[in-house]
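Take a look at the letters that make up each chain.
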Amino acid sequence: MPPASTGASTLIVAASTQSSPVADTADRLAPGRPGYRRMSFALFAAGVATFALLYSTQALLPAVSASFGATAGQASWTVSAATGALALCVLPLSALSERFGRRQMMTASLVIAVTVGLFVPFAPSLSTLIALRAVQGAALAGLPASAMAYLAEEVRPKALVAAIGLFVAGNSIGGMSGRILTGWIAQLWGWRAALGAVGLLAVACAVVFHFMIPRARHFTPGTLNPKALARTVGSHLANPLLRRLYAIGALFMTVFGAVYTVIGYRLVEAPFNLPQGIVGSIFLVYLVGTVSSAAAGRLVARLGRRGALYLAVSTTAAGLLLSLGDRLAAVLLGLVLITAGFFAGHAVASSSVSRTATTGRAQASALYQSAYYLGSSAGGTLGAVAFHAGGWSGTVALGLLAVLGVVSVTLYGTRAARAERLRPAAVAPVQN
């Protein structure tokens, strides 16, 4: 899994490991061929716009709370509504792209999300802001899955991983830089100006995407078949291992969503009293995901999937406990460990999904992405509620509870696998 992902990368393995229905013809995109560089810039820009918009209010929550007189839990809905709507819409919009086209779906998603983004800074009330953010998240759901499918259809197989990597790099840079940009602009001119800046950045990215994305040459429209989609989804949800992987992804993201939704509130208060710009810059810690997600493959090779998950949850739990300290260095080191553990665990779980699903890998990965973003939405809201009730200790307690959930699910999987291995010997007939 690529570094510092914000979620879209859960579809990478599915896109790259499924055999494409399109033959490897000479006119498919590849490095050095006409259109490849344009396609790369276009999807990089789309990735930046998507995740800059999706998490645009996360670094601004203390300022939003102060402006509307809202609690942390109430303000957190400006993030949770967007991620929750995205989670609910990923699967149906990915199905619509099969009928109407990847390029058309990506364009429509960007246009709607960017247009809404221009109205977001003028929201007269918190409820209006939350509603606009929900619409934004629903619109953005059409982009990640469509982008992965577009690349799988239009790019030569040997160039596919590099092309997907550029798109996910845009995701990562958009998610991180959007938070940093809003933090510094909010410190100078207020949170509305910060959201306006993100909206203008997204407009620029959408213009780049529109004029640079090559026309799809290998897309073949399909028919919408809700019954077939329901059967595929049902078969995935009936698979015990896939259910455990979905639960692990959601629980890991619950921790991550809670921590990064609430950390701004903690750092602007005593004893830290950090300015908004510095709080936004805390999101540079996301770069730790570059190391931990890249190392996930080596960890699995050495420790096995469950061993890598145990190491990831242990690292996350250690970070949560360390962040309880009142020294800024301890809090920052705690965030580093939480981030490293999260990205490693997410990489292991998401890559395991496509290995487990033998059919319908795109739908299996879309379900993982839905669980992931539902975890983000739940973690953001519950983490803020816990912070309001018990301060940072309350948020840490919630995170540790989610970590315990990951451990429980993984232990159950270990025992189930052991029982499965022993079953043939247990039922074999006794030979005289």
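Rules and cut-offs
Residues numbered from 1 in each chain as written. Predicted model: local features only at pLDDT ≥ 70, side-chain atom pairs only at ≥ 80, totals over all residues. Heavy atoms only, no water. Helix = DSSP H or I, 4+ residues; strand = E, 2+ residues; numbered from the N terminus. Buried < 20%, exposed > 50% of the residue type's maximum accessible area, 1.4 Å probe, protein only. Contact = heavy atoms within 4.5 Å. Phe/Tyr/Trp six-rings, centres within 6.5 Å; stacked < 30°, edge-to-face > 60°. Lys NZ or Arg CZ within 6 Å of the ring centre and 35° of its normal. 1 Å grid on protein atoms, 1.4 Å probe; cavity = no way out; pocket = protein on both sides within 12 Å on 5 of 7 lines; lining within 4 Å. Points joined across faces, edges and corners; volume = space filled by probe spheres on them. Nonpolar A, V, L, I, M, F, W, Y, C, P; charged D, E, K, R; others polar. Salt bridge = Lys/Arg side-chain N within 4 Å of Asp/Glu carboxyl O. Polar contact = N/O pair within 3.5 Å; in protein donor to acceptor, adjacent residues only side chain to side chain. Core = buried A, V, L, I, M, F, W, Y, C linked by side-chain atoms within 4.5 Å. Axes fitted to C-alpha atoms, helices over the stretch in contact; angles between N-to-C directions. Parallel < 35°, antiparallel > 145°, perpendicular 65-115°, else oblique. Left-handed = near helix turned anticlockwise from the far one by under 90°. pLDDT = per-residue confidence, 0-100. Patch = residues over 30% accessible without salt bridge, like charges linked within 9 Å, V, L, I, M, F, W, Y side chains within 5 Å. Areas by Shrake-Rupley, 256 points an atom, 1.4 Å probe, with all protein chains shown as cover. Expected span 1.5 Å × (residues − 1). Bend = angle between axes of the 7 residues up to and from the residue.

*Asks:* Help me understand the overall build of the protein chain in this model?
*Replies:* Tallying secondary structure elements over the protein chain gives 16 helices and zero strands in all. Here the protein chain, with 432 residues, has 56% of them falling under the buried criterion. The contacts of the protein chain with a sequence gap of at least 6 include a subset with a gap of at least 24, amounting to 84%.

*Asks:* What is the right way to read the packing of aromatic side chains from this model?
*Replies:* Ring pairs (aromatic) are described by centroid distance and by the angle formed between their planes. Taken as a whole, this structure holds 14 aromatic pairs when the rule is applied. Seen from their ring centres, Phe 256 and Phe 342 are 4.0 Å apart, and the 10 degrees between their planes marks the pair as stacked. Of this pair, Phe 256 sits in helix α12 (residues 240–268) while Phe 342 sits in helix α15 (residues 328–356); the two residues are 86 residues apart in sequence, bridging distant segments of the chain. We note that Phe 256, like Phe 342, is buried. Their ring planes at 65 degrees and their centres at 5.0 Å tell us that Phe 342 and Phe 343 sit as a pair that is edge-to-face. Each member of the pair, Phe 342 together with Phe 343, is buried. Taken together, the ring pairs in this structure connect Phe 256, Tyr 260, Phe 283, Tyr 286, Phe 342, Phe 343, Tyr 368, Tyr 372 and Tyr 373 into an aromatic cluster. The positively charged end of Arg 99 is found above the aromatic ring belonging to Phe 100, 5.5 Å away from the centroid.

*Asks:* Explain empty space enclosed by the protein to me, please; I cannot follow it from the model alone.
*Replies:* Empty space among the atoms becomes apparent when a probe as large as a water molecule is rolled across them. For the structure on display, the rule yields four cavities of 30 Å³ or more. There is about 90 Å³ of room inside the largest cavity. Together, Leu 241, Arg 244, Leu 245, Ile 248, Arg 305, Arg 306, Leu 309, Val 409, Thr 410 and Gly 413 line the largest cavity. Its residues assigned to classes, the lining of the largest cavity shows five nonpolar, two polar and three charged.

*Asks:* Explain the pattern of salt bridges to me, please; I cannot follow it from the model alone.
*Replies:* Close approach of charged atoms allows side chains with opposite charge to pair. One pass over the structure, following the stated rule, counts two salt bridges. Notably, a salt bridge pairs Asp 326 with Arg 266, separated by 3.6 Å at the nearest N-O pair. One end of the pair, Asp 326, is in the loop between α14 (288–322) and α15; the other, Arg 266, is in helix α12, and 60 residues separate them in sequence. Residue Asp 326 is classed as exposed on the basis of its relative accessible area, which comes to 57%.

*Asks:* In this structure, what is going on with the side chain of Thr 182? I would like to understand it.
*Replies:* Turning to its location among the elements, Thr 182 is positioned in helix α9 (residues 157–189). At a separation of 2.9 Å, a polar atom in the side chain of Thr 182 contacts the main-chain carbonyl oxygen of Arg 179. Beyond its immediate sequence surroundings of up to four residues, Thr 182 is in contact with Ser 56, Ala 59, Leu 60, Ala 194 and Val 198.

*Asks:* Help me understand the nonpolar core in this model?
*Replies:* Note on soluble globular proteins: their nonpolar side chains tend to be buried together. Ranked by size, the top nonpolar core spans 117 residues in total, and within it Leu 43 and Tyr 260 carry the most contacts. If sequence neighbours within four positions are ignored, Tyr 260 has contacts with Gln 58, Phe 283, Val 285, Tyr 286, Leu 335 and Thr 339.

*Asks:* Where do I start with the environment of Gly 257 in this structure?
*Replies:* With respect to the helices, strands and loops of the structure, Gly 257 is situated in helix α12. Separated by 116 residues in the primary sequence, Gly 257 and Tyr 373 place their C-alpha atoms 9.2 Å from one another. Residues contacting Gly 257, with those up to four places away along its chain left out, are Gln 58, Ser 376, Gly 379 and Gly 380.

*Asks:* Mind showing me how you'd approach the side chain of Gln 136 here?
*Replies:* One can find Gln 136 in helix α7 (residues 126–140). Leave out the neighbours within four places in its chain, and Gln 136 touches Leu 53, Ala 113, Val 116, Gly 117 and Val 120.

*Asks:* Before we go on, may I ask you to explain the packing of helix α2 (residues 36–54) against helix α6 (residues 102–119) in this structure?
*Replies:* The axes of two packed helices give the description: the angle between them and the distance between them. Contact pair α2 / α6: the axes reach a minimum separation of 11 Å and the direction vectors enclose 40 degrees. Classified by the angle their axes make, α2 and α6 are oblique. Crossing of α2 over α6 shows left-handed handedness. Contacts between α2 and α6 pair Leu 43, Ala 46, Ala 49 and Leu 53 from the former with Met 106, Leu 110, Ala 113 and Val 114 from the latter. Residues of the contact of α2 with α6, tallied by class, amount to eight nonpolar, no polar and no charged.

*Asks:* What is the right way to look at the confidence of the model for the protein chain in this model?
*Replies:* Note that predicted coordinates carrying low pLDDT should not be read in detail. Of all residues in the protein chain, 87% attain a pLDDT of 70 or more, and the chain-wide mean is 85. Note on residues 1–24: pLDDT is under 50 here. Beyond four places in sequence and across chains, it has 82 contacts.

*Asks:* Would you mind showing me how to read a nonpolar patch on the surface here?
*Replies:* The grouping of Leu 118, Phe 119 and Leu 200 at the surface amounts to a nonpolar patch, some 320 Å² of accessible area in total. Mapped onto the fold, Leu 118 is located in helix α6.

*Asks:* It is not clear to me how the environment of Ser 80 should be interpreted in this structure. Could you clarify?
*Replies:* Turning to its location among the elements, Ser 80 is positioned in helix α5 (residues 77–100). When neighbours within four sequence positions are excluded, Ser 80 is seen to be in contact with Ser 377, Gly 380 and Thr 381.

*Asks:* How should α5 be read in this particular structure?
*Replies:* The periodicity of an α-helix, 3.6 residues per turn, causes residues three or four positions apart to be oriented the same way. When the terminal C-alpha atoms of α5 are compared, their 32 Å separation across 24 residues agrees well with the 34 Å that a helix rising 1.5 Å per residue should span. Along α5, the sharpest kink reaches roughly 45 degrees, centred on Val 90 and followed within four residues by the proline Pro 92.

*Asks:* What exactly am I supposed to notice about unusual backbone geometry here?
*Replies:* Cis geometry is adopted by the peptide bond preceding Pro 271, which originates at Ala 270 and carries an omega value of 10 degrees. By secondary structure assignment, the location of Pro 271 is in the loop between α12 and α13 (276–281).

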